[in-house]
Amino acid sequence: MSDTAPDKIVDAWATLIGGWSDLSGETVIVDQSVDEAVEAESYPCTVIQVESWGFQRAMEQGQELHTIVVNFDRIDSSAQVGVVSRANRTALAHVVAALHSDPSLGGRLQDCDWRDVAAPMANGKSVSGASLQAVAQFYTPAGDHFTIVGVGGDTF
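Computed from a predicted model, the values in this text were never measured in an experiment. (Residues numbered from 1 in each chain as written. Predicted model: local features only at pLDDT ≥ 70, side-chain atom pairs only at ≥ 80, totals over all residues. Heavy atoms only, no water.)

**Student:** Mind showing me how you'd approach the pattern of salt bridges here?
**Tutor:** Opposite charge on two side chains allows them to pair when their charged atoms are near. Going through the model one piece at a time under the given rule, you end up with four salt bridges. Residue E64 is joined to R57 by a salt bridge in which the shortest nitrogen-to-oxygen separation is 3.4 Å. Its relative accessible area of 7% is what places E64 among the buried residues. With a relative accessible area of 52%, R57 lands in the exposed category. A salt bridge links R74 to D76; its shortest N-O distance comes to 3.4 Å. Ionic contacts of the salt-bridge type, sharing partners, join the residues E26, R74 and D76 into one network. (Salt bridge = Lys/Arg side-chain N within 4 Å of Asp/Glu carboxyl O. Buried < 20%, exposed > 50% of the residue type's maximum accessible area, 1.4 Å probe, protein only.)

Below you can see the structure in the form of structure tokens.
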């Protein structure tokens with residue numbers, strides 16, 4: 001089965017973040033269910049999840065414009081639960097730096113905006129975490145949510 005366009009975006013971000021020297025040795029997870037606990041041996045880690053995915057026709061181009069809202073959740077085993085710890089602020093600042101190093105994600109994205117960092121919602125987990133939210137836009141051919149039409153017409 002082919003990866004959807006949002007999955008291709010998330011996988012490319014995971015590669016970018018995973019290769020960032022200041023985050024080397026940390027795990028990047030892209031296929032984690034929100035109701036599934038991250039294993040302690042994965043800490044510290046960044047979990048990338050698509051919160052929402054919208055799209056609309058861009059008929060002048062025979063394409064669809066997609067907007068995804070993505071959360072980059074940084075999780076560690078710190079005792080600071082419910083706040084954005086110093087370690088998580090530092091790690092997410094490095095995530096932003098990695099994302100900013102290639103804002104079009106190799107030509108895949110039309111636009112990307114990093115919104116804010118917040119402590120995750122209370123969920124009974126005894127781990128520290130913080131979530132960076134981003135909104136990205138990209139094009140696909142009309143009716144084809146598997147192929148990204150990048151900047152300059154390149155396809156991914």
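**Student:** How do you make sense of the sheet that holds strand β4 (residues 111-118) when you look at a structure like this?
**Tutor:** In any sheet, the strands associate via hydrogen bonds between backbone groups, in a parallel or an antiparallel arrangement. Across the sheet, which stays open at both edges, the five strands sit in the order β1-β2-β3-β5-β4 with mixed pairing between neighbours. The sheet is open, and its two borders are formed by β1 (27-29) and β4, each paired with just one other strand. Averaged over all pairs of adjacent strands, the angle between strand axes in this sheet comes to 20 degrees, irrespective of strand direction. With 14 bridges connecting them, strand β3 (residues 63-76) and strand β5 (residues 128-141) associate as antiparallel partners. (Pairing = 2+ DSSP bridges. Helix = DSSP H or I, 4+ residues; strand = E, 2+ residues; numbered from the N terminus. Axes fitted to C-alpha atoms, helices over the stretch in contact; angles between N-to-C directions.)

**Student:** Got a minute to help me understand the packing of helix α1 (residues 5-18) against helix α2 (residues 86-101) in this structure?
**Tutor:** Helix packing for two helices is described by the angle between their axes and how far apart those axes are. At their nearest, the axes of α1 and α2 sit 9 Å apart, and the two run at 115 degrees to each other. What the angle tells us is that α1 and α2 run roughly perpendicular. Where α1 crosses over α2, the two elements pack in a sense that is right-handed. Here W13, L16 and I17 of α1 lie close against α2, whose contacting residues are V95, A98, L99 and S101. (Parallel < 35°, antiparallel > 145°, perpendicular 65-115°, else oblique. Left-handed = near helix turned anticlockwise from the far one by under 90°. Contact = heavy atoms within 4.5 Å.)

**Student:** What is the right way to look at the pairing of β3 in this model?
**Tutor:** The side chains of a regular strand alternate, first on one face of the sheet and then on the other. With 13 of 14 residues buried, β3 is to be regarded as a mostly interior element. Where strand β2 (residues 45-58) and β3 come together, 13 bridges link them in antiparallel fashion. Residue F55 lies in a different strand from β3, and its bridge partner there is H66. Hairpin remark: β2 followed by β3, antiparallel, with four residues in the connecting loop; positive phi at G62, about 65 degrees.

**Student:** How do you make sense of the environment of D116 when you look at a structure like this?
**Tutor:** As for its position among the elements, D116 is in strand β4. Overall, the relative accessible area of 42% leaves D116 in the partly exposed class. Taking the C-alpha atoms as reference, D116 lies 30 Å from T155; in sequence the two are 39 residues apart. Residues contacting D116, with those up to four places away along its chain left out, are S131, L132 and Q133.

Note that every value here comes from positions in space, so none of it alone points to a role or purpose.
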